[in-house]
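These are the residues of each chain, in order.
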Amino acid sequence: MKHYSFLLFLALLCCNKPKNNDESSASNNGDPSKAINDTIPLTREKVENSPVASYSEKVKDPLNDWRLAVDVYETKQTFKFLMKIEYMAQEAEDTLTIPNFGIMPKVEVRKGPEKESCIVGFLDKQGEFKEYKLIALKNKQLKISTLKYYGRARYRVSK
């Protein structure tokens, strides 16, 4: 009977240990470098109707006033954006998902490396532009390419 009570005590002791480190690390003992990026709400209270970033470049055409134009709009989801692209008579839409780095996402559209091209990206915590998607023309057709992939990971170190 002694063995059974000892095993029961041991089982209760094991079951009563603290939950995984994720919950105990939420306080992080005041260390901001270990903070979890959950300070930004995943949905927006108010979605702006006007573009948050735009780009426009005139297309060389002697008969028409064509443009390569890109407008980036907010969506209800904080880290998702809608890109509306126009080239001559072609129109396209694409989505842009920015990783949650613990700051409000800031999207920018900059001139691309070639004529009639642009790069859609975002600013990181240090304010550096991170290239994400290239919008360019190939044989007079609109082409959207992902230049780089970004993500956020959380690692737990065992003690």
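A quick note: this is a predicted structure, and the numbers were derived from the prediction, not measured.

Turning our eyes to something else, we now look at the overall build of the protein chain. Each helix and strand counted, the protein chain has 2 helices and 8 strands in total. Going from the N terminus to the C terminus, the protein chain shows its helices and strands as α-α-β-β-β-β-β-β-β-β. Split into buried and exposed, the 159 residues of the protein chain put 29% on the buried side. Residue pairs in contact within the protein chain that sit at least 24 positions apart in sequence constitute 40% of those at least 6 positions apart. Here the protein chain has roughly 11700 Å² of accessible surface; of this, 54% comes from carbon and sulfur atoms.

Moving on, we come to the sheet that holds strand E3 (residues 80-87). The strands that make up a sheet pair up through hydrogen bonds in the backbone, lying either parallel or antiparallel. Read across the open sheet, the 4 strands follow the order E1-E2-E3-E4; overall the sheet is antiparallel. Every other strand in the sheet has two partners, leaving strand E1 (53-58) and strand E4 (90-97) as the edge strands with one partner each. Neighbour to neighbour, the strand axes of the sheet diverge by 15° on average, direction disregarded. Taken together, the 6 bridges between E1 and strand E2 (residues 67-74) define a ladder with antiparallel strand orientation. Along E2, the bridge assignment pairs Ser 56 with Ala 69.

Attention shifts here to the confidence of the model for the protein chain. Of all residues in the protein chain, 74% have pLDDT values of 70 or greater, and the mean over the chain is 80. For the protein chain, helix H2 (residues 21-24) is the element with the lowest average pLDDT, namely 40, and strand E5 (residues 107-111) is the one with the highest, namely 97. Counted against residues more than four places away or in other chains, residues 6-10, with its pLDDT under 50, gives 0 contacts. Note that residues 12-36 has pLDDT below 50 and, in this model, 9 contacts with residues that lie over four places away or in other chains.

The next thing to look at is the packing of aromatic side chains. What the rule picks out here adds up to 4 aromatic pairs. Judged by centre distance (5.7 Å) and plane angle (80°), the ring pair of Tyr 132 and Tyr 150 falls under edge-to-face. Of the two residues, Tyr 132 sits in strand E7 (residues 129-138) while Tyr 150 sits in the segment after strand E8 (141-146), which places them 18 residues apart along the sequence. Looking at Tyr 150, the relative accessible area reads 26%, which means it is partly exposed. Aromatic ring contacts, followed pair by pair, group Phe 101, Phe 122, Tyr 132 and Tyr 150 into a single cluster. Against the face of Phe 129 rests Arg 110, its NZ or CZ located 4.1 Å from the ring centre.

Applying the stated criterion across every chain yields a total of 7 salt bridges. Ionic pairing is found between Glu 74 and Arg 44, a salt bridge with its closest N-O pair at 3.3 Å. Placement of Glu 74 in strand E2 and of Arg 44 in the loop between H2 and E1 is noted, with a sequence separation of 30 residues between them. The two residues Glu 74 and Arg 44 agree in class, both being buried. One salt bridge connects Lys 46 with Glu 48, and the closest N-O pair in it is separated by 3.5 Å. Using a relative accessible area of 60% as the deciding quantity, one classes Lys 46 as exposed.

Quick look at the sheet that holds E8 now. A sheet is described by the order of its strands in space; here 4 strands give the open sequence E5-E6-E7-E8, paired in antiparallel fashion. Looking at the sheet topology across the chains shown, the edges are occupied by E5 and E8. Each strand of the sheet is rotated relative to its neighbour by a mean of 25°, with strand direction disregarded. Where E7 meets E8, 6 bridges bridge the pair, whose relative direction is antiparallel. Bridge assignment links Ile 135 to a residue of E8, and that residue is Ile 144.

Criteria and cut-off values
Residues numbered from 1 in each chain as written. Predicted model: local features only at pLDDT ≥ 70, side-chain atom pairs only at ≥ 80, totals over all residues. Heavy atoms only, no water. Helix = DSSP H or I, 4+ residues; strand = E, 2+ residues; numbered from the N terminus. Buried < 20%, exposed > 50% of the residue type's maximum accessible area, 1.4 Å probe, protein only. Contact = heavy atoms within 4.5 Å. Areas by Shrake-Rupley, 256 points an atom, 1.4 Å probe, with all protein chains shown as cover. Pairing = 2+ DSSP bridges. Axes fitted to C-alpha atoms, helices over the stretch in contact; angles between N-to-C directions. pLDDT = per-residue confidence, 0-100. Phe/Tyr/Trp six-rings, centres within 6.5 Å; stacked < 30°, edge-to-face > 60°. Lys NZ or Arg CZ within 6 Å of the ring centre and 35° of its normal. Salt bridge = Lys/Arg side-chain N within 4 Å of Asp/Glu carboxyl O.

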